[in-house]
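# Descriptive structure summary
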Amino acid sequence: MTVAEFENYAINICVTIFMVWMVFIIWRLGKESGGGKWAYIALSLALGLGFVGFIAKIILVEFVLEGE
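Residues numbered from 1 in each chain as written. Predicted model: local features only at pLDDT ≥ 70, side-chain atom pairs only at ≥ 80, totals over all residues. Heavy atoms only, no water.

### Considering the packing of aromatic side chains
Aromatic ring pairs are described here by two measures, namely the spacing of the ring centres and the angle between the planes. A complete count under the given rule lists two aromatic pairs for this structure. Here phenylalanine 18 and tryptophan 21 contribute two aromatic rings whose centre-to-centre distance is 5.9 Å and whose plane-to-plane angle is 55°, an arrangement assigned as tilted. You can see phenylalanine 18 and its partner tryptophan 21 sitting in helix H1 (residues 3-33), three residues apart, about one turn around the helix. Given a relative accessible area of 44%, phenylalanine 18 falls into the partly exposed group. Ring geometry for phenylalanine 24 against tryptophan 27: centres 5.9 Å apart, planes inclined by 35°, an arrangement best described as tilted. Of this pair, phenylalanine 24 and tryptophan 27 both sit in helix H1, three residues apart, which is roughly one turn of the helix. Taking the relative accessible area as the measure of exposure, phenylalanine 24 reaches 42% and is therefore partly exposed. Looking at tryptophan 27, the relative accessible area reads 39%, which means it is partly exposed. (Phe/Tyr/Trp six-rings, centres within 6.5 Å; stacked < 30°, edge-to-face > 60°. Helix = DSSP H or I, 4+ residues; strand = E, 2+ residues; numbered from the N terminus. Buried < 20%, exposed > 50% of the residue type's maximum accessible area, 1.4 Å probe, protein only.)

Structure below.
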């Protein structure tokens, strides 16, 4: 295993763990806010949009680099 392969695996594992932790934080904020279903949906959309952007970037980079 080269250093680049190790770094790739390590960053993917660490980012996955971080995303799961952030989902737990979003869930907890929604639960403790007392705002009901709509407050939870707003928190999930606002804070979870970063996840969508990060995952979309990874997918797009893979497709663009695969095409070269």
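Moving on from the coordinates now.
### Some thoughts on the pattern of salt bridges
Within the structure shown, the criterion is met by one salt bridge. Two residues, arginine 28 and glutamate 32, come together in a salt bridge whose shortest N-O distance is 3.2 Å. With a gap of four residues between them, arginine 28 and glutamate 32 both fall in helix H1, about one helical turn apart. Residue class for arginine 28 comes out partly exposed when judged on its relative accessible area of 43%. On the basis of relative accessible area, glutamate 32 is assigned to the exposed category, the value being 56%. (Salt bridge = Lys/Arg side-chain N within 4 Å of Asp/Glu carboxyl O.)

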